[in-house]
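Understanding the architecture of this molecule
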Amino acid sequence: MVIAAGHDLSSTEAPTALTFPSSFTWGTATAAYQIEGAATLDGRTPSIWDTYARTPGKVRNGDTGDIATDHYHRWREDVAIMADLGVGAYRFSLSWPRVQPTGRGPSVQKGLDFYRRLTDELLEKNIQPVATLYHWDLPQDLEDAGGWPERATADRFAAYAALAAEALGDRVRTWITLNEPWCSAFLGYASGVHAPGRTDPVAALRAAHHLNLGHGKAVQALRSNLPSYAQVSVTLNIHHVRPHSQEAEDVDAARRIDALANRVFTGPMLQGEYPEDLLRDTSSLTDWSFVKDGDLPEICQPLDFLGVNYYTPTLVSGGAAGSSHRSDGHGKSEHTPWPAADDVTFHLPPGSTTAMGWAVDPTGLHDLLVRMGRDFPRLPLMITENGAAFDDYVDPAGEVNDPDRIAYLQGHLAAVHRAIEAGVDVRGYFLWSLLDNFEWGYGYSKRFGAVYVDYPTGNRIPKASARWYGQVARSGVLSSPDPMSD
Ligand code: FCB
């Protein structure tokens, strides 16, 4: 136990310091479309997010990723900021249309060179690069050919994975196939609040399967092009679903949302089958005949760890038709992202909320990690995203003080520590996000960064939370908040 300076020693709540395992990875995360900009440079073609953002009415304020944080030009400065903070790892994504415009054929040298320079610089500064292959920017040409609802997209994805591994495998040791395929499938093709903005529940279920298949094929492509020490994974936004009460209707609503949010991916990827209840629940929409013989073994590939993103829990009740998609925290739409679950109601969990309107609930993260550890005991976990948006601003002294974010991170890291103490194999934590950035349908109106970005100038100002997080990352020790400090 460490007693923080200035703390009342007579207090029964003497602060404790939580020490993480020395091998624990401390990182920050970003994604290509959200930070890079340079949308038309060096051979990059449009992705579905370029098209979607340029469609009037889709993204708040008409914002696009055309310039974003201009990381494509400022990458060296961004790596220097990370080095300064002392984080040990950086999760970024490759822009598919920058590496392989149109999603077919050979790679583009200039696109790959950008990631070569970036990763060289990271390694030089002792920061481990973690590359995500797909953080939602499907080349528009592939969407024009049918997108994720079409089987061929899975093969295209595997070919792109092979190109990327061949080009960067000598310097990137850790690879993630997909980021949050739930969002790609259900926000992209069912509720339409994400690119490509389609609103067809059957297309969404087909997309989920072909994302699963693309993942399995990409894992194989990565393994055959990477050194044997490489780590290969996928990132899922596992929803921590709680029933509103123990009434049978609410418990069943939680089961159905768990199937549509989580087990539609963990089933095939980790257990080699789609859950029976999911197939039954959605049988009025599809017979799932797009799942072909041999697909499931192909999808179910051994992984080195599972990437888990967590922001807030999901609280549901059953039996109230028609309100599901209005309050589930995933953006407003006339269309539900939850196929065949129109009668499920989503509630705001109690407690304070972030600028996204998402409830702050660290216990949800603890419980989710414990559940994953129990369900998949041999699979190490990595928190590949966690963080919060608040209405940050630069004060007259030129500083950005974000005590709410520090409190959020403090609470969630303590929850991670509790899960580790309880025996869950959690290997690391990546703060979302290194920088304020383009928050999808919300454009630049939501700031998730540890570093403030002044969009008109591109200037970066590390927030108080960045310094706080750097200190935790460097020491591997989380001290309780000092009640004497502000
Ligand atoms: C996740 C996304 C990430 C970011 C955070 C806030 O769903 O993976 O890009 O937008 O939410």
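Let me begin by describing the structure that accompanies this report. (Residues numbered from 1 in each chain as written. Predicted model: local features only at pLDDT ≥ 70, side-chain atom pairs only at ≥ 80, totals over all residues. Heavy atoms only, no water.)

Comments concerning the nonpolar core
Membership of the largest hydrophobic core comes to 152 residues, with the highest contact counts inside it found for Trp 49, Leu 94, Trp 175, Leu 369 and Val 416. Ranked by the residues each element gives to this core, the list is headed by helix H9 (residues 201-225), at eleven residues. Ignoring sequence-local partners within four residues, the contact set of Leu 369 consists of Leu 381, Ile 383, Val 416, Ala 419, Val 424 and Val 426. (Core = buried A, V, L, I, M, F, W, Y, C linked by side-chain atoms within 4.5 Å. Buried < 20%, exposed > 50% of the residue type's maximum accessible area, 1.4 Å probe, protein only. Helix = DSSP H or I, 4+ residues; strand = E, 2+ residues; numbered from the N terminus. Contact = heavy atoms within 4.5 Å.)

A few points about the pattern of salt bridges
Taken as a whole and judged by the stated rule, the model has 34 salt bridges. In this structure, Asp 113 engages Arg 116 in a salt bridge whose closest nitrogen and oxygen atoms are separated by 2.8 Å. You can see Asp 113 and its partner Arg 116 sitting in helix H5 (residues 109-124), three residues apart, about one turn around the helix. Relative accessible area serves as the criterion here: at 27%, Asp 113 is assigned to the partly exposed category. In this structure, the salt-bridge partner of Asp 120 is Arg 171, at a minimum N-O distance of 2.7 Å. Residue Asp 120 is found in helix H5, and its partner Arg 171 is found in the loop between helix H7 (152-168) and strand S5 (174-179); the two are separated by 51 residues along the sequence. (Salt bridge = Lys/Arg side-chain N within 4 Å of Asp/Glu carboxyl O.)

Remarks on the sheet that holds strand S2 (residues 25-29)
Taken in spatial order, the eight strands close into a barrel running S2-S3-S4-S5-S6-S8-S11-S12, and their pairing is parallel. Pairs of neighbouring strands in the sheet enclose a mean axial angle of 25 degrees, with direction left out of account. Relative to strand S12 (residues 426-432), strand S11 (residues 381-386) runs parallel, the two sharing four bridges. Bridge pairing links Asn 386 to Leu 431 in S12. Relative to S5, helix H8 (residues 181-189) is tilted by about 15 degrees, and along the sheet it contacts strand S4 (128-134), S5 and strand S6 (231-236). Contacts from helix H10 (residues 248-271) reach S5, S6 and strand S8 (306-309), with the element oriented near 160 degrees to S6. (Pairing = 2+ DSSP bridges. Axes fitted to C-alpha atoms, helices over the stretch in contact; angles between N-to-C directions.)

Examining H7
For H7, with 17 residues, the first-to-last C-alpha span of 25 Å sits near the 24 Å given by 1.5 Å per residue. Buried residues belonging to H7 abut helix H4 (96-99), H5, S4, S5 and H9. (Expected span 1.5 Å × (residues − 1).)

Digging into the pairing of S12
Buried residues dominate S12, accounting for six of its seven residues. Pairing geometry for S2 and S12, over five bridges, is parallel. Note on S12: the bridge partner recorded for Ala 29 is Trp 432. For the handedness criterion, the β-α-β arrangement of S11, helix H14 (residues 403-421) and S12 is classed as right-handed. (Right-handed = clockwise from strand over helix to strand, strands pointing away.)

What to know about the packing of H9 against H10
Look at H9 against H10: their axes get within 10 Å of each other, and the N-to-C directions meet at 35 degrees. Once H9 is placed against H10, the crossing between them reads as right-handed. Across from Leu 205, Ala 208, Asn 212 and His 215 in H9, the residues of H10 making contact are Leu 260, Val 264, Phe 265, Pro 268 and Met 269. Of the residues assigned to the contact of H9 with H10, the class counts are seven nonpolar, two polar and no charged. (Left-handed = near helix turned anticlockwise from the far one by under 90°. Nonpolar A, V, L, I, M, F, W, Y, C, P; charged D, E, K, R; others polar.)

With respect to the packing of H7 against H9
Between H7 and H9, the shortest axis-to-axis distance is 8 Å and the interhelical angle comes to 30 degrees. Between H7 and H9, the angle falls in the class roughly parallel. Pair H7 / H9 crosses with right-handed handedness. In contact with Ala 154, Asp 155, Phe 157, Ala 158, Ala 161, Ala 162, Ala 165 and Glu 166 of H7, H9 contributes His 210, Leu 213, Gly 214, His 215, Lys 217, Ala 218, Ala 221, Leu 222 and Asn 225. Split by residue class, the contact of H7 with H9 holds ten nonpolar, four polar and three charged. (Parallel < 35°, antiparallel > 145°, perpendicular 65-115°, else oblique.)

Here we look at the environment of Gly 331
Tracing the backbone through its elements, the reader meets Gly 331 in the loop between strand S9 (314-317) and strand S10 (345-347). Overall, Gly 331 belongs to the partly exposed group, its relative accessible area being 23%.

In short, the description is geometric, and any link to function would need to be established separately.
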